[in-house]
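Take a look at the letters that make up each chain.
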Amino acid sequence: MANGRAYVVLAAFAAGIVLGPGAALAALAASADNGKVAFVKHGCWQCHGFAGQGSVATSAGRVLYDTKLPFDVFKAYVRDPSGAMPPYHVEILSDSDLADIYAYLESLPQPKPASEIPLLKQ
Ligand code: HEC
């Protein structure tokens, strides 16, 4: 029955529309993907670079990818920085977004060691 089959396809399509965004949002919770979005949205990239690589000029050379800071220390610094970095209070940057940012930074690939970059051996 071609008609019955069309209904099944239509129903599946409708369910995709209804469930899609909700399911996608749930999947984003506490994820590196959401952290990437939050890292951009909250402007961390402006000083720390899109890959958390840091800059001598804007983040005093602090590298954020593969940070050695435990999450609690990372979070405490972002909430109440001691240097030139602006503070991010919980009202503007939620704990879950901050956890996602941390997950994103931890997910970034490591750079090659200098010894594996031929140009640097010359
Ligand atoms: C206006 C520039 C600026 C922005 C925007 C910024 N930072 Fe920073 N950040 C700094 C600077 C500069 C430092 C070096 C210490 C200092 O002066 O506060 C730093 C240091 C840090 C440190 C400490 C790193 C370490 O190893 O000591 C963390 C963690 C950090 N930033 C996270 C973030 C996150 C997450 C965001 C976005 C929510 C962010 N920063 C946005 C400028 C910035």
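Residues numbered from 1 in each chain as written. Predicted model: local features only at pLDDT ≥ 70, side-chain atom pairs only at ≥ 80, totals over all residues.

Points about the overall build of the protein chain
Stage number 1. Scanning the protein chain from N- to C-terminus turns up five helices and zero strands.
Stage number 2. The N-to-C order of helical and strand elements in the protein chain reads α-α-α-α-α.
Stage number 3. Scored against the burial criterion, the 122 residues of the protein chain give a buried share of 14%.
Stage number 4. Here the analysis covers contacts within the protein chain between residues at least 6 apart in sequence; of these, 57% occur between residues at least 24 apart. (Helix = DSSP H or I, 4+ residues; strand = E, 2+ residues; numbered from the N terminus. Buried ≥ 20, exposed ≤ 12 C-beta atoms within 10 Å, placed from the backbone. Contact = placed C-beta atoms within 7 Å.)

Quick word on the site of the ligand
Stage number 1. Lining the immediate environment of the ligand, one finds 23 residues, of which Cys44, Cys47, Gly83, Ala84 and Met85 sit closest.
Stage number 2. Counting residues per element, the ones that place at least two in the shell around the ligand are helix H3 (44-48) and helix H4 (71-79).
Stage number 3. With four residues, the single largest contributor to the shell around the ligand is H3.
Stage number 4. Here the shell around the ligand is built from residues that sort into 15 nonpolar, seven polar and one charged. (Near = placed C-beta within 6 Å. Nonpolar A, V, L, I, M, F, W, Y, C, P; charged D, E, K, R; others polar.)

Quick word on helix H2 (residues 32-41)
Stage number 1. Of the residues making up H2, those classed as buried are Asn34, Gly35, Ala38 and Phe39. Considered in projection along H2, the buried side chains sweep an arc of 140° and stay on one side of the axis.
Stage number 2. Looking one or two residues past H2, glycine 43 carries a phi angle of roughly 75°, positive in sign. (Arc of directions from axis to C-beta.)

Topic: the nonpolar core
Generally speaking, nonpolar side chains in soluble globular proteins are found buried as a group.
Stage number 1. Ala38, Phe39, Cys44, Leu64, Leu98, Ile101, Tyr102, Tyr104 and Leu105 together form the largest nonpolar core, which totals nine residues.
Stage number 2. When contributions to this core are tallied by element, the ones reaching two or more residues are H2 and helix H5 (95-107).
Stage number 3. Setting aside anything within four residues of it in sequence, one finds phenylalanine 39 in contact with Cys44, Trp45, Ile101 and Tyr104. (Core = buried A, V, L, I, M, F, W, Y, C linked by C-beta atoms within 7 Å.)

Some thoughts on the confidence of the model for the protein chain
Stage number 1. Within the protein chain, residue pLDDT values average 81, and 75% of them lie at 70 or more.
Stage number 2. Averaged over each element, pLDDT in the protein chain is lowest for helix H1 (residues 2-28) (46) and highest for H4 (96).
Stage number 3. Contacts of residues 7-20 to residues separated by more than four positions or lying in other chains number zero contacts, the stretch itself having pLDDT below 50. (pLDDT = per-residue confidence, 0-100.)

A few points about unusual backbone geometry
A negative phi angle characterises most non-glycine residues, just as the trans form characterises most peptide bonds.
Stage number 1. One non-glycine residue with positive phi stands out, namely alanine 60, at about 50°.
Stage number 2. Along the chain, the position of alanine 60 falls in the loop between H3 and H4.

Quick notes on the packing of H2 against H5
Helix packing geometry: the angle between the two helix axes and the distance between the axes.
Stage number 1. Axis separation between H2 and H5 bottoms out at 7 Å; the angle between their running directions is 105°. One finds that H2 runs roughly perpendicular with respect to H5. Of H5, the residues touching H2 (which contributes Ala32, Asn34, Gly35, Lys36, Ala38 and Phe39) are Asp97, Asp100, Ile101, Tyr102, Ala103, Tyr104 and Ser107.
Stage number 2. Class assignment for the residues of the contact of H2 with H5 results in seven nonpolar, three polar and three charged. (Axes fitted to C-alpha atoms, helices over the stretch in contact; angles between N-to-C directions. Parallel < 35°, antiparallel > 145°, perpendicular 65-115°, else oblique.)

Comments concerning the environment of tyrosine 65
Stage number 1. Along the polypeptide, tyrosine 65 turns up in the loop between H3 and H4.
Stage number 2. Note on tyrosine 65: 18 C-beta atoms within 10 Å, which makes it partly exposed.
Stage number 3. Sequence separation between tyrosine 65 and glutamate 106 is 41 residues; the distance between their C-alpha atoms is 6.0 Å.
Stage number 4. Look past the residues within four positions of tyrosine 65 in its chain and what remains in contact with it is Ala51, Gly52, Gln53, Leu105 and Leu108.

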